[in-house]
Amino acid sequence: MDDKAFMADGAAGEAPIIMLDDFSSYDSAASVKAAYRGGAAEMKTAIVKSVDYDGCRAMRIESTRSGMAAAVCRRFDNALGAAAAGVTVAAADPGVLLRNGVLELAVRAELDGPDLARLTVEDAGRVFGDYFLLCPELAALKFFWVVFKVGRRNLIEHEYNYKLHEIYGGNPVSSTVGHRAVFVVSGLRLVSAPAAVGVIPRPNRVVCGGGCYVLSPRSAIVAYGEGGMRRIAGMLREMLSASTGYTLPVVAPDAAAGFVRPITFELNNAWQETLGSEGYRVVAAPGGVALSAASDAGLFYAVQTLRQLFAPEIDRGFSRFGERWAIPAVEIEDVPAYGWRGMHLDTARHYMPKKFLLRFIDMLATLKMNRFHWHYNDGTAWRIAIESMPELTASGAWWGGEQGGFYTAADVAEIVSYARDRFIQVVPEVEMPAHANALLFSHPECSCQKFTVPEGEVDTPEYFIKPRWISYCPSCEKTYEFIDRLIAANVTMFPDNEFIHLGGDELPPGSWENCPECRKFMAEHHMASEAELQRYFTARLIRIAAAHGRRLLGWEQILHDGLPEDAAVIAYYTAETAANAAGSGHQVVNNDATTNYLDYYQGDPLDEPVAIQGVSTLEKSYSFDPVANVPPELRFRVLGGQSALWTEYVPGERQAGYQLYPRGVAIAEKVWTQPGLCRWADFERLMNGFYRRLEYAGLNFKDYRENRGSGKK
Ligand code: ACM
Ligand code: ZN
């Protein structure tokens, strides 16, 4: 709490209002003071403190006279937190309105009998006067206070709920306990600008309407056909059912009569021109929600946006009596900035259970990502069972005969199909010519070093990690015959892809020069360097991949003069690579290590679990720009971007979550949202709600919220 900055106000002779300005980034103390000026005089003395409600920062005003106390919240989540913590009155910070054209208002009033009688409409008007001025629609609150004043306590609840519910689709919960009337209005959100829509990645066009849409147990999901739309409608139904307790029917348009406030799907090829193959529209109005797109992928993303328009508790997984589910009236039209929106995950250095991979894919889907770059093999391990090559996993998947594991063909099929259902392509990476020890130990005939691991030594992780000088031998035809079989198996297991990733990175210098066969081959073919031999190797890979219907994708080391244009490059290491690749005619995916390598520390190394190197905080990750350093005329070759989690120092799913989130969320926004709309302050603010989504998804994460220390490790 910053108690240095404070302001004093109040008429001469009266006790001042003291506000500790804890919302420095919002200039909120001034805004709050303005809003409360009238009411504050009545309250005589108010002390404003910063408090933390379930992680949501808010200001609390405690009155010495009337018994009214308030928490002034700068966003909806804060108000919910305040309400949950039993704070008496919470109202939004008008600074949010002033700065962003947004009002997220939540009010909780809890007054005992005498205060109820004393409170006048004028009092209420003073308290909320600024809101009325700024937002005439809030006259509905007057209605609330009028009813309040006449004191028909038992009726208030119903009348108030009914009215607010009908007019604004708020999220009221109320009860009468003994002589105390308790009113909770949480979820009244009047939204007039994009920042109020707490969707990550931030949608590219948002027009806010008036009022809200409230889901009803008598709503229906309207979808037609038997294809993707119906399946997606079913997913929406599942997504909504656990937390709302409503089991909404999925009905055809001609069977929609009799249901209230429907959620309607529409697919129309004509929108291809404006929405492309992944864009969508969501129109939420008090009478219903329309989700439309030119493709199933677009409809799926519309559902993801709809889900995030609800409070994070939509993912909580159980229902609560009396809870209402409202979203702001809004029109969203959204098209991604890039076509390649990916996350890479290394399950070679440390095995991650299939269940974790499915949760990982769920989060990719939530973030509208469409590529899972699966680094399933490396020097340390080979982790996919290929029926015709059982030797690869027999020793290659285990340390000490116990640690490790591999994915069966059925696991892979399940993962690929689960991802496909969520419009995510799994891009397999088969590492070569280096980072392949685990595989080459069982195929020494394909390596320069011809190592087999002596019995007993295979089992130590060090054996796999340290000797990085085992390489495929590019000078031997057996190598290419084997690679052909390997690629064929991968193509069968990962059938959907345009690309196959064949590594290409970090061949230790000398690997080939020290091999008699390679030296001979280089001499015969007048190759002066290992780099030239790698060109030859890469050219052979391109031909094999093409014979299996795949384009080659590789780390930036495959880039060289004369690389066929068809091959695409993942830039990660040097700032110039993306520009060089695009300049030489190649498509490129940006995986800038300085911002997107999620194995980096994300804070003071003294305070963080052991990580590989560097520091990349959430804010630094958010500075990622997929086209940084790429001249405008070449940017069309940048397919997009991705993050990468290498797991040498990530021993399991718990730490994987800690490294992945929320930095991966930041990268997701940078590959979906147009750069001009990406704003760190908004992202940081919206992340507050998103942490709860991660919690409900059962994922570990680093908690960057204030007062949370350095989070869970
Ligand atoms: C890499 O970091 N070796 C791609
Ligand atoms: Zn060799």
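Residue positions are given per chain, counted from 1 along the sequence in the order it is written. All chains are assigned letters beginning with A, and all ligands numbers beginning with 1, in the order in which they are written. Local features in this predicted model are restricted to residues whose pLDDT is 70 or higher, and side-chain atom pairs enter the listing and the counts only when it is 80 or higher, whereas totals over whole chains, interfaces and linings include all residues. Just so you know, side-chain values use all the structure's heavy atoms and leave hydrogens and water out.

Chemist: Any details on helix α10 (residues 296-309)? Residues and values, ideally.
Modeler: With 14 residues, α10 should reach 20 Å at 1.5 Å per residue; the first-to-last C-alpha distance of 20 Å fits that figure. Note on classification: 1.4 Å probe, protein chains only; a residue is buried when its accessible area is under 20% of the maximum for its type, exposed when over 50%, partly exposed between these limits. The secondary structure listing takes helices from DSSP runs of H or I that are at least 4 residues long and strands from runs of E that are at least 2 residues long, numbered from the N terminus. For α10, the tally of buried residues reaches 13 of 14 residues, placing the bulk of the element in the interior. Multiply 1.5 Å by the residue count of a helix minus one, and that product is the helix's expected span.

Chemist: How would you sum up unusual backbone geometry? Please name residues and give values.
Modeler: A cis amide bond links Met-432 with the next residue in sequence, Pro-433, at an omega value of 0°. Tracing the backbone shows Pro-433 in the loop between β23 (425-429) and α14 (437-441). We note that Arg-261 has phi near 40°; this positive angle belongs to a residue other than glycine. Relative to the helices and strands, Arg-261 resides in the loop between β14 (250-251) and β15 (263-267).

Chemist: Account for the coordination of the zinc ion (ligand 2), with residues named and values stated.
Modeler: The protein atoms donating to the zinc ion (ligand 2) are Cys-448 (SG), Cys-473 (SG), Cys-515 (SG) and Cys-518 (SG), with metal-donor distances spanning 2.3 to 2.4 Å. Around the zinc ion (ligand 2) sit four donor atoms, and with donor-metal-donor angles ranging over 106 to 118° the site reads as tetrahedral. With relative accessibility at 10%, the residue Cys-448 sits in the buried group. Sodium, potassium and calcium take a 3.2 Å donor cutoff, other metals 2.8 Å, and in both cases only N, O and S atoms count; water is not among them, so sites may look incomplete. Square planar and octahedral assignments, for four and six donors respectively, both demand that opposite donors be over 155 degrees apart and that all other angles lie between 65 and 115; tetrahedral needs four donors with all angles between 85 and 135 degrees, and anything else is irregular.

Chemist: Tell me about the packing of helix α8 (residues 228-244) against α10, and please be specific about residues and values.
Modeler: For any two helices packed against each other, one specifies the crossing angle of their axes together with the interaxial distance. Between N-to-C directions, angles cover 0 to 180 degrees, with each direction set by a line fitted to C-alpha atoms, over the stretch in contact for helices. Orientation of α8 relative to α10, taken along the N-to-C sense of each, is 15°, at an axis distance of 9 Å. Regarding the angle of α8 to α10, the classification is roughly parallel. Here α8 runs over α10; the crossing is right-handed. Counting all contacts with α8, which are made through Gly-228, Met-229, Ile-232, Met-235, Leu-236 and Met-239, the residues of α10 involved are Asp-296, Leu-299, Phe-300, Val-303, Leu-306 and Arg-307. Partitioned by chemical class, the residues of the contact of α8 with α10 number nine nonpolar, one polar and two charged. Working rule for angles: under 35 degrees goes down as roughly parallel, over 145 as roughly antiparallel, 65 to 115 as roughly perpendicular, anything else as oblique. Left-handed describes a crossing in which the near helix is turned anticlockwise from the far one by less than a right angle; the clockwise case is right-handed. Contacts are assigned to residue pairs that have any heavy atoms within 4.5 Å of one another. Gly is placed with the polar residues, together with every amino acid not listed as nonpolar (Ala, Val, Leu, Ile, Met, Phe, Trp, Tyr, Cys and Pro) or charged (Asp, Glu, Lys and Arg).

Chemist: Quick rundown of the confidence of the model for the protein chain? Include the residues and the values.
Modeler: In regions of low pLDDT, the predicted coordinates are not meant to be interpreted in detail. In predicted models, pLDDT denotes the confidence assigned by the predictor to each residue on a 0 to 100 scale. Model confidence for the protein chain is summarised by a mean pLDDT of 75, while 68% of its residues fall at 70 or above. Per-residue pLDDT stays below 50 along residues 1-196; that stretch engages in 395 contacts with residues further than four places along the chain or on separate chains.

Chemist: If you had to explain a nonpolar patch on the surface to someone new, which residues and values would you point to?
Modeler: On the surface, Val-610, Ile-612 and Tyr-649 cluster together into a nonpolar patch covering about 260 Å² of accessible area. Summarising the element assignment, Tyr-649 is placed in the loop between β28 (638-645) and α22 (653-660). Looking at Tyr-649, the relative accessible area reads 41%, which means it is partly exposed. Only residues above 30% relative accessible area that lack a salt bridge enter a patch, with like-charged residues linked at up to 9 Å and the nonpolar side chains Val, Leu, Ile, Met, Phe, Trp and Tyr linked at up to 5 Å. Accessible surface area values rest on a Shrake-Rupley calculation with a 1.4 Å probe, where residue burial reflects the displayed protein chains alone. When a carboxyl oxygen of Asp or Glu is within 4 Å of a side-chain nitrogen of Lys or Arg, the pair counts as a salt bridge.

Chemist: Can you lay out the packing of helix α17 (residues 516-524) against helix α18 (residues 530-547) for me, pointing to particular residues and giving the numbers?
Modeler: Running from amino to carboxyl end, α17 crosses α18 at an angle of 85°, the nearest separation of the two axes being 11 Å. Between α17 and α18, the interaxial angle falls into the category roughly perpendicular. Counting all contacts with α17, which are made through Cys-518, Phe-521 and Met-522, the residues of α18 involved are Glu-530, Leu-533 and Tyr-536. Grouping the constituent residues of the contact of α17 with α18 by class yields five nonpolar, no polar and one charged.

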